[in-house]
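Architecture at a glance
Now for the letters of each chain:
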Amino acid sequence: MADTGENSALFPIFILSIIALPLVPYTILKLLRVASKKEKSIHCACSVCSRSGKYRKSIFRRISKFSTCSNFTVLLLWVIVIFLVYSIKQSSREIEAFDPFSILGLAPGVTESAIKKAYRRLSIQYHPDKNPDPAAHKYFVEYISKAYQALTDPVSRENFEKYGHPDGRQGFQMGIALPQFLLDFNGSSGGILLLWILGGFILLPMAVGVVYLSRASKYGGNNVRRETLVTYFELVKPSLAPSKVMDVFVKAAEFMDIPVRRADDEPLQELFKLVKSELNLDGKNARQEQAKFWKQHPAIVKAELLIQSHLLRKADTFSSNLQQDYKHVLQFTPRLLEGLIKMATVPRTAKGHGWLRPAIGIVELSQCIIQAVPLSARKAGSGSSDGVASLLQLPHFSDAVITRIAKKVRTLQNLLDTTLQERAELLSDVAGLSAAEVQDVEKVLELIPRATIEVTCETEGEEGIQEGDIVTVQAWVTVRRANGLIAALPHAPYYPFPKGENFWFLLADANSNDVWFSESINVMDEAAAITTASTITEAKMEASGANMEEIAAAVKDAVAKVKRGCRLILGKIQAPQAGNYSLNSHLMCDAWIGCDTKTNLKLKVLKRSRAGSRGSNVAGGVQDENDVEDEDEDDIEEDEEGDQSEYSEDEDEDKDEDEDDEADKQNNNSNIKGFANGSARRKGRK
């Protein structure tokens, strides 16, 4: 067994190794993430966003952003590492092997007279009679005297010269890197070691595991409570109108944590009067509807009133307590809306499809919350399916400004289609905006994304699609901006937190209200997009039997495409029974109004032969590519006319439409004929 002093000296080295092994790579990873986030933090530069202070990098904001629990833990561990390194450096002399020759300043093999001479020389320097310093006395007794005794003894000197030890050849020694008081089994120290082992290696991991499992059982994906997801799953219905999505959204369990104070009763009553028209409580049974609204859980009532006030841009009138609750509500909003979309698109029907109508309504609610635009502004009219909501998201635009320019510009797309000079004259002369305000509008228009989408559906390795086949859905989404940026934070001065753009891709059948496939797209994460595109392209080329050079070239092209602003989506769906299907691919941004893209896609599914082979039946069932591209213009116009905002519909119209949709669905399923590969490409509809 090694010397107890050596065991205690090795303990800091052991602890340093345990801490440094995970700490160093984790710190490097955090630094890389911080560097990548700095590159992505491109936000709107208009004066309205600048005045909001959301992107102002003050000292307090930087400190508060840095002082997270994980950062504090990393900093504390690095302080411990520095202390351990200093402690090890200071104790390094104590664990050095005793070498009498080096202490006396001699080389092995010197004469006895040289040893005595060196001893007398050091005695003059360190002897207590010559040097009153206690440290010199200690060094003389513990080192110089012992070295002299070891070298004046012939046996001890011979062992030192041959084996480096006064007792001769030494066997193998092994120690344990723990402090001596834990290794002393006299009295209660043995119990301390036992408790240290039980606590450090058994109880602590068990406690961490219990905390992790309890949190994992409480939260689902994207840090949304499982209770919330269950509630959303039960409340989302296929006929859920966009104007009714808010009633489902505010039922989240996260909102139950909002404190309900008696002092807030009067301010909430004032908010209710302010947002009453947005709550759809002015029908035939207005009193009953209002009483039903106030009978809800107080936290739910408070959350909905705060959100509706945010949509009307009245948050600056809140008291300090309401301001805190308001920010608490909006902080959870993006993740809750994402969980709500997933509950709408999760397979519900017997065919494994989600529901289109509630999914569209949820994304539209997200757009209104980020841009602080009331839901009533989305009522169809003025030649736009989004109403005036898309124009209200622009800086310095109000209902009065929109009324002035209504004769020439009614939609956001109309405004984008005008030339720079025409737009400047319109905004300054007709709308009455100043030169600085016009410049702010131009900055936001340059930031608005223009999206295009290219979708293909095919069965890998086959020319056509037969019922029951696994169909591969591949979509290339391209995002462009007038200012040349690919990824940027949206213009959202009234939303109190930085919010990145996310796009939702929905492949759906509008006639049956079915979502066949859905996927979220993060345009800002270029590194992840490159990895995804490279992996998918490489796997696809390998499956087709391409050689290494062809695979490398295809991967290179895919990476270059991603860097130009494209994002690749890949999914698998099962082909339904044979028939012709007219699908729509929706690409919706959760942060901008009026930037959604809709593409028509016609598919044809063939009946499976008895033998399961495709043979000549496939050749007869495959649709010509030109037939897919040259689809009927009347069908396209009919689809576009049907893609209107549904916020103005009442409940009776919703019920009638649901019955019609169900009848259309049954008729569509009963008149099915065949299937083929389909592809479509079209620019975004504004």
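Residues numbered from 1 in each chain as written. Predicted model: local features only at pLDDT ≥ 70, side-chain atom pairs only at ≥ 80, totals over all residues. Heavy atoms only, no water.

In the annotation of an unreviewed UniProt entry, the chain is listed under the name J domain-containing protein and assigned to Solanum commersonii. Heading Subcellular location (unreviewed entry) of the UniProt record for the chain holds this comment: "Endoplasmic reticulum membrane". (UniProt positions renumbered as here; feature names shortened; annotations may be inferred.)

**Some details on helix α24 (residues 548-563)**
Under the 1.5 Å per step criterion, the end-to-end length of α24 is 23 Å for 16 residues, consistent within 8% with the ideal 22 Å. Along α24, the positions that sit buried rather than exposed are I551, A554, V555, A558, V559 and V562. End-on view of α24: buried residues confined to an arc of 135 degrees, all on one side of the axis. Seen from the open side of α24, the exposed residues pointing more than 90 degrees away from its buried face are E549, K556 and D557. On the buried face of α24, the contacting elements are β3 (470-480), α23 (526-543) and β6 (566-574). For α24, the N-terminal cap is N547; the gap from its side-chain oxygen to the backbone nitrogen of E549 is 3.3 Å. (Helix = DSSP H or I, 4+ residues; strand = E, 2+ residues; numbered from the N terminus. Expected span 1.5 Å × (residues − 1). Buried < 20%, exposed > 50% of the residue type's maximum accessible area, 1.4 Å probe, protein only. Arc of directions from axis to C-beta. Contact = heavy atoms within 4.5 Å. Polar contact = N/O pair within 3.5 Å; in protein donor to acceptor, adjacent residues only side chain to side chain.)

**Examining the nonpolar core**
One finds F249, L305, I369, L394, F397 and F505 to be the most contacted residues of the largest nonpolar core, which totals 118 residues. It is helix α16 (residues 320-345) that provides the largest number of residues to this core, a total of 11 residues. Dropping the residues within four chain positions of it, L305 is found in contact with L268, L271, F272, V275, L279, F293 and W294. (Core = buried A, V, L, I, M, F, W, Y, C linked by side-chain atoms within 4.5 Å.)

**Let's talk about the sheet that holds strand β4 (residues 502-509)**
Taken together, the 5 strands give an open sheet; going across it, the order is β1-β5-β4-β7-β8, and neighbouring strands pair in antiparallel fashion. What marks the edges here is a single partner per strand, and that holds for β1 (354-355) and β8 (597-605). Of the strand pairs in this sheet, β1 and strand β5 (residues 514-522) are connected by 2 bridges, and their pairing is antiparallel. Opposite W355, over in β5, you have D514 as the bridge partner. Contacts from helix α17 (residues 356-371) reach β1, β4, β5 and β7 (579-589) within the one sheet, and its direction differs from that of β7 by about 15 degrees. (Pairing = 2+ DSSP bridges. Axes fitted to C-alpha atoms, helices over the stretch in contact; angles between N-to-C directions.)

**A few points about unusual backbone geometry**
For R313, which is not glycine, the phi dihedral falls at a positive 60 degrees. Along the chain, R313 turns up in the loop between α15 (298-311) and α16. Looking at R313, the relative accessible area reads 26%, which means it is partly exposed. For N513, which is not a glycine, the phi torsion comes out positive at approximately 65 degrees. You can see N513 is positioned in the loop between β4 and β5. On the basis of relative accessibility, which here comes to 10%, the residue N513 falls in the buried class.

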